[in-house]
Each structure stands twice: as C-alpha cells, then as structure tokens.
Amino acid sequence: MVEEYNDNVEQISYAMLQGAADAENIGNLATKVWYNAIWEKSSTETDAYTKYSSNNFWNFSTALANLYADEDFASDVSDLKTDKEAVTLWMKDMANPPEECEEAYDDLKEYYNSYIELVNLVVSPSGSYNDFSDAFSSADSECVSCYNQMKLYFE
C-alpha cells in the first residue's frame, strides 16, 4: 500500500508539473498581450490580439478578450481546466494516506494548492496588469518550489 501510494504521489506530481507548465505558457502569453495593449507595443506574437489596424491598438480589455476568444488559445485553456478537474479528483483519492506517507501528503497538498492558484489565475485573469503579473510570477515560482520539494520523495 505504501509503495502504491508513493507511486501515485510521483504520478500526480508530474501531472501537476505538466499542468503548471501549460498554465505558465498561457499566463506568459496573456501577460504579453496585456502589456503590449497597454503600452501599444507591436509583436508578431501579440499583434493578432492587440491591434485592429496597422497602427491602432485595442484597449487591454478588448485585447485580452480577443486572446481568450481565439480558438487555439481557448482550447488550451479548456484543456487546462479539464486537467485541473482530473488532478482534483486524484487528490481526493490521495486523502487518508498510510501513516508512513503523511508528510508526503502534506507536501502534496501544498503543491496542489499552489498548482490550483496558478491555474485559476491564468484561466480567469483579473485586477490590474501589475497585480496580475505579480501574482502570476509568484504563483509560478511557488509551483516550481513545491515541485522541487516533491522530488525528494521520488528521486
């Protein structure tokens, strides 16, 4: 039972790592679109969302709406939500660990909480650009830190 539980800890840790990487990619693009719309910066990566003509920019709200309405981007966000739901169900199965695994479960819960915070931020960005980008950077760093803590259990 302990070995199976530890295997699940490793698998869910990797699943959250992949989800966090996907959230990071989504959040990075959202941050760039937001920034470029505010400061009217051109970029091949963001112009499709930030500009309505060669020299005219949408406001940041419209630019973000354009980004989140993009079919490919919306699909990535949808996949991230689906993965989050799967991880949440898996975490419910991880409750009540064997006594020998309680510390790993506590660290896994901390990792899960940081993962959920990161995913929720990029799925529904809000606040000011500075608030979002600070929260996103902090959540992203916290996820990496928690994953590094989890590696102690399976390396």
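Residues numbered from 1 in each chain as written. Predicted model: local features only at pLDDT ≥ 70, side-chain atom pairs only at ≥ 80, totals over all residues. Heavy atoms only, no water.

(A) Main features of helix 6 (residues 129–150). With 22 residues, helix 6 extends 31 Å between its outermost C-alpha atoms, agreeing within 8% with the 32 Å of an ideal straight helix rising 1.5 Å per residue. Taken together, the buried positions of helix 6 are Tyr-129, Phe-132, Ser-133, Phe-136, Ala-139, Asp-140, Cys-143, Cys-146, Tyr-147 and Met-150. On an axial view of helix 6, the arc spanned by its buried residues comes to 160°, and they lie on one face. Among the exposed residues of helix 6, those oriented more than 90 degrees off its buried face are Asp-131 and Asp-134. The elements touched by buried residues of helix 6 are helix 1 (2–39) and helix 5 (102–123). (Helix = DSSP H or I, 4+ residues; strand = E, 2+ residues; numbered from the N terminus. Expected span 1.5 Å × (residues − 1). Buried < 20%, exposed > 50% of the residue type's maximum accessible area, 1.4 Å probe, protein only. Arc of directions from axis to C-beta. Contact = heavy atoms within 4.5 Å.)

(B) Main features of a negative patch on the surface. A cluster of like negative charges, contributed by Glu-71, Asp-72, Asp-76, Asp-79 and Asp-83, occupies part of the molecular surface. Tracing the chain through its elements places Asp-83 in helix 4 (residues 71–94). According to the relative accessible area criterion, Asp-83 is partly exposed, its value standing at 33%. (Patch = residues over 30% accessible without salt bridge, like charges linked within 9 Å, V, L, I, M, F, W, Y side chains within 5 Å. Areas by Shrake-Rupley, 256 points an atom, 1.4 Å probe, with all protein chains shown as cover. Salt bridge = Lys/Arg side-chain N within 4 Å of Asp/Glu carboxyl O. Lys, Arg positive; Asp, Glu negative; His and termini not counted. Charge placed at Lys NZ, Arg CZ, Asp CG, Glu CD.)

(C) Inspection of unusual backbone geometry at higher detail. Despite not being glycine, Glu-40 has its phi angle at roughly 50°, a positive value. Looking at the secondary structure, you find Glu-40 in the loop between helix 1 and helix 2 (47–50). Residue class for Glu-40 comes out exposed when judged on its relative accessible area of 53%.

(D) Seen up close, the packing of helix 1 against helix 4. Across the interface, helix 1 lies against helix 4 with an axial gap of 10 Å and an inter-helix angle of 155°. Considering the angle they form, helix 1 stands roughly antiparallel to helix 4. Crossing angle aside, the handedness with which helix 1 passes helix 4 is left-handed. Residues Tyr-5, Asn-8, Val-9, Gln-11, Ile-12, Ala-15, Met-16, Gly-19, Asp-22, Ala-23, Ile-26 and Leu-29 of helix 1 pack against Phe-73, Asp-76, Val-77, Leu-80, Asp-83, Val-87, Trp-90, Met-91 and Met-94 of helix 4. (Axes fitted to C-alpha atoms, helices over the stretch in contact; angles between N-to-C directions. Parallel < 35°, antiparallel > 145°, perpendicular 65-115°, else oblique. Left-handed = near helix turned anticlockwise from the far one by under 90°.)

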